[in-house]
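# Residue-level structure breakdown
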Amino acid sequence: MATLTLLARIVTFRSAHAKLLEFSWPRCNTFSYGRTTMACMCSDQKFMYDLLVIGGGSGGLAAAKEAVNLGAKVAVLDFVTPSPRGTTWGLGGTCVNVGCIPKKLMHQAALLGEAIHESAAYGWQVPDPKTIKNDWQALTTAVQNHIKSVNWVTRVELRTKKIEYFNALGYFKDQHTICGKMKNGEEKLFTAKNILIAVGGRPRYPDIPGALEYGISSDDIFSLEKAPGKTLVIGAGYIGLECAGFLNSLGYDATVMVRSIVLRGFDQQMANTIAQEMERRGVHFIYQAKPSKIEKQTDGRLLVNWVDKERQTHQDIFDTVLFAIGRKPLTEELKPEIIGLQLIPETAKIDVIDEQTNVPNVYAVGDVLHKKPELTPVAIHAGRLLARRLFGNSTEQMDYINVATTVFSPLEYGCVGLSEEAAIAIHGEEKIEIYHAYYKPTEFFIPQKDVSNCYIKVVAFRNGDQRVLGMHFIGPNAGEVIQGFAAAIKCNLTFPKLKDTVGIHPTVAEEFTRISVTKRSGLDPKPQSCCS
Ligand code: FAD
Ligand code: NDP
């Protein structure tokens, strides 16, 4: 009530002083009232906005753009708290600034290095391969310049679409009011009919001496001023393997410390094949180990202690220690207790039903969601569908099942659907058929590249329609290969239909149409001949 009275006063104040305020009335329609700055009312008259989005990353921006296209009045608050090392970045969220995009660019740099070496076998007159080196500063500058251009395009797009953007850290005042704290400490109040939480997460650090002082995370690696040198990557999930993979390919000594297993949640045969392939390329693995202490030596290098499963302590010296031990959602900073927003106690994630939280006008999408994939396209799709349901009379719900993904390890691993172990656990071994094959990519022949880990797997029902439940691919361009098959699985692909699909020759994707050996048969899944 107090807020409404205040707003009414402000509107009257604004009409009376329109001329005076013209100059200080920016694009985002805010103006000051004492210490607090308020935005003007939207057409609704009850709230300033139809939708207020907290978090300008993949999910938040997708929802905001869709909502505004459907006629809603929308504002987005986005704020990046510096990493413990002090790294910060612009608008667009994790994916654009410190996630998918810089990661893919560094992966591409690594692939190009590999291609330069191979090109000699194809007749290119390259200098002595031993003299070819990557320039870390040149690489990070190029990557950061691209990111800055994306930040800029994103801001322009918001302005063009008339989405009001505030560089402010938001937290709840009540279930319709968000307080946004600007860099200079000034606070603004925003009211909205609907609020969308899309604040994503940030890397976790272990509670060991030296972790915060001397460790870095994926938030820092893509803009690191100095070349990382000998690097210890702690964690063997997506980020750990991807970072260790590109660092090794760029010429740095890289070690992955694995607490338990590699790529938990993925098909373990495929995950171990990826680790094996990375080891073959020179990445070191320390298994069943946990770091216990990091100290800085007088020469600036880092002395790392770790404990193995026999509780023996080991140590080694590294230039860089990168933590990739999972991410923490930024939900507690929203002061959820003020509106009674429930979080999962162990993870601080939000459990939603159709993206709606336990507070009816408060929604959530993206990495903050409990038991949903932490992937950009998932956040984007869920955000868009939510906006259509809120403002476009749509009833379409987000389907989180059979989301395809790729680990951009040096030899990539793409998959969709169930792993072999999950299919067997759910349906029983007797009901599941596992088809598998090794294959030889044509482009590997001339440079005589190792093909021993080029491997694919199809998980399907053994009887009935033999529906395909999962597809797994290790090889070049795995994401490109799996994306199309993900659409086929969405359309209930069956194994006979897969076999009835005519391949595109010579590609690596066609190997799925040639697969025929079952694990049950015990036959050798070695590569078939090239063209027959
Ligand atoms: P985010 O994109 O994280 O956006 C949240 C935004 O909200 C951030 O800008 C944050 O600073 C801001 N914010 C937080 N709190 C507040 C607040 N209180 N007020 C205002 N603003 C706030 N996914 C893929 O699909 N493919 C990949 O190849 C891939 N690679 C990745 C590589 C790395 C190294 C990492 C870290 C992630 C990667 N991901 C990848 C995951 C992907 O980046 C995330 O799933 C995606 O960004 C999640 O989107 P989101 O909208 O939930 O949150
Ligand atoms: P993950 O949850 O994938 O992996 C975390 C790793 O750290 C696991 O190996 C885990 O081991 C280990 N770990 C956890 N705690 C500790 C600890 N205290 N000490 C030592 N090791 C520990 O997290 P990531 O940070 O790699 O990635 C976060 C998310 O980002 C992913 O889930 C993914 O959705 C997304 N992402 C997507 C990418 C893509 O699409 N290509 C790329 C990168 C990220 P254990 O198994 O024992 O728990």
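Note that this is a predicted model, so its numbers are computed, not measured.

### Some thoughts on the side chain of Thr-357
The residue Thr-357 is located in the loop between β18 (327–329) and β19 (362–364) in this model. You can call Thr-357 buried: its relative accessible area is 6%. Of note is the side chain of Thr-357, whose polar atom sits 3.0 Å from the backbone nitrogen of Val-359. A distance of 2.8 Å separates a polar atom in the side chain of Thr-357 from the backbone oxygen of Val-362. When sequence neighbours within four positions are dropped, the list of residues in contact with Thr-357 reads Leu-341, Ile-350, Val-352, Val-362, Tyr-363 and Ala-364.

### Some remarks on the site of ligand 1
Contacts to ligand 1 come from 36 residues, most closely from Asp-78, Phe-79, Thr-94, Lys-103 and Asp-367. Here an oxygen atom of ligand 1 sits 2.8 Å away from a polar atom, N or O, in the side chain of Asp-367. Computed on the free molecule, ligand 1 has an accessible area of 1000 Å², of which 93% lies beneath the protein chains in the complex. Those elements that place two or more of their residues in the shell around ligand 1 are α3 (58–69), α4 (93–98), α5 (100–119), β6 (168–174) and α11 (376–391). With four residues, the top contributor of residues to the shell around ligand 1 is α4. Within the shell around ligand 1, the residues separate by chemical class into 18 nonpolar, 13 polar and five charged.

### Describing the state of the cysteines
Summed over the entire model, instances satisfying the criterion amount to one disulfide. The disulfide that involves Cys-95 links it to Cys-100, with 2.5 Å between the sulfurs. On the sign convention where negative means left-handed, the S-S torsion of about -135° between Cys-95 and Cys-100 marks this disulfide as left-handed. Assessed through its relative accessible area of 10%, Cys-95 is described here as buried.

### Some details on the pairing of strand β24 (residues 468–475)
The buried count for β24 comes to eight of eight residues, which makes it a mostly enclosed element. Note that strand β21 (residues 412–417) and β24 share six bridges and pair antiparallel. Among the inter-strand pairings, Gly-417 is bridged to a residue of β24, identified as Gly-470. The hairpin formed by strand β23 (residues 455–461) and β24 contains six residues between the paired strands, and Gly-464 there has a positive phi angle of roughly 65°.

### Digging into helix α9 (residues 238–249)
Under the 1.5 Å per step criterion, the end-to-end length of α9 is 17 Å for 12 residues, consistent within 8% with the ideal 16 Å. Burial analysis of α9 places nine of its 12 residues in the buried class, the great majority of the element. Listed in full, the buried residues belonging to α9 are Gly-240, Leu-241, Glu-242, Cys-243, Ala-244, Gly-245, Phe-246, Leu-247 and Asn-248. Residue Gly-251 follows α9 closely and has a positive phi angle near 110°.

### Observations concerning the sheet that holds β23
In spatial order, the strands read β20-β21-β24-β23-β22; together these five strands make up an open sheet with antiparallel pairing. One side of each edge strand has no neighbouring strand; the edge strands of this open sheet are β20 (405–407) and β22 (432–438). On average, adjacent strands in this sheet sit at an angle of 10° to one another, irrespective of strand direction. Where β22 and β23 come together, seven bridges link them in antiparallel fashion. From the neighbouring strand, His-436 faces β23, where its bridge partner is Lys-457.

### Brief notes about the pattern of salt bridges
Within this structure, the stated rule accounts for 27 salt bridges. A salt bridge links Lys-230 to Asp-316, with the shortest nitrogen-to-oxygen separation between them at 3.2 Å. Linking Lys-230 in the loop between α8 (218–221) and β11 (231–234) with Asp-316 in strand β16 (residues 313–318), this pair joins segments that are 86 residues apart in sequence. Using a relative accessible area of 30% as the deciding quantity, one classes Asp-316 as partly exposed.

### Quick notes on the site of ligand 2
Taken together, 21 residues sit near ligand 2, with Arg-259, Ser-260, Arg-264, Glu-374 and Thr-406 positioned nearest. At a separation of 3.4 Å, an oxygen atom of ligand 2 approaches a polar backbone atom of Gly-237. The contact in question runs from an oxygen atom of ligand 2 to an N or O atom on the side chain of Ser-260, over 2.5 Å. Across the complex, the protein chains shield 80% of the 920 Å² of accessible surface that ligand 2 would expose by itself. If you list the elements that add at least two residues to the shell around ligand 2, you get α9 and β20. Counting residues per element, the shell around ligand 2 draws most heavily on α9, which supplies three residues. Counted by class, the shell around ligand 2 contains eight nonpolar, six polar and seven charged residues.

### Section: the UniProt feature "domain: FAD/NAD(P)-binding" (unreviewed entry) in the protein chain
Per the UniProt entry, the sites bearing "domain: FAD/NAD(P)-binding" (unreviewed entry) are residues 49–383 in this numbering. Annotated as 31% helix and 24% strand, the span residues 49–383 places its first and last C-alpha atoms 17 Å apart.

### Quick notes on the layout of surface pockets
Put simply, the second largest pocket is a space of about 560 Å³. Every residue lining the second largest pocket is counted, 24 residues in all, and those nearest its centre are Gly-113, Glu-114, His-117, Asn-248 and Ser-249. Put simply, the parts of the chain that give the lining of the second largest pocket at least two residues each are α5, α9 and α10 (268–280). In terms of residues, the lining of the second largest pocket owes the most to one element, α5, which gives eight residues. Among the residues making up the lining of the second largest pocket, the classes are represented as nine nonpolar, six polar and nine charged.

Reading the values: the criteria
- Residues numbered from 1 in each chain as written.
- Chains lettered and ligands numbered in written order.
- Predicted model: local features only at pLDDT ≥ 70, side-chain atom pairs only at ≥ 80, totals over all residues.
- Heavy atoms only, no water.
- Helix = DSSP H or I, 4+ residues; strand = E, 2+ residues; numbered from the N terminus.
- Buried < 20%, exposed > 50% of the residue type's maximum accessible area, 1.4 Å probe, protein only.
- Polar contact = N/O pair within 3.5 Å; in protein donor to acceptor, adjacent residues only side chain to side chain.
- Contact = heavy atoms within 4.5 Å.
- Near = heavy atom within 4 Å.
- Areas by Shrake-Rupley, 256 points an atom, 1.4 Å probe, with all protein chains shown as cover.
- Nonpolar A, V, L, I, M, F, W, Y, C, P; charged D, E, K, R; others polar.
- Disulfide = S-S within 2.5 Å.
- Pairing = 2+ DSSP bridges.
- Expected span 1.5 Å × (residues − 1).
- Axes fitted to C-alpha atoms, helices over the stretch in contact; angles between N-to-C directions.
- Salt bridge = Lys/Arg side-chain N within 4 Å of Asp/Glu carboxyl O.
- UniProt positions renumbered as here; feature names shortened; annotations may be inferred.
- 1 Å grid on protein atoms, 1.4 Å probe; cavity = no way out; pocket = protein on both sides within 12 Å on 5 of 7 lines; lining within 4 Å.
- Points joined across faces, edges and corners; volume = space filled by probe spheres on them.

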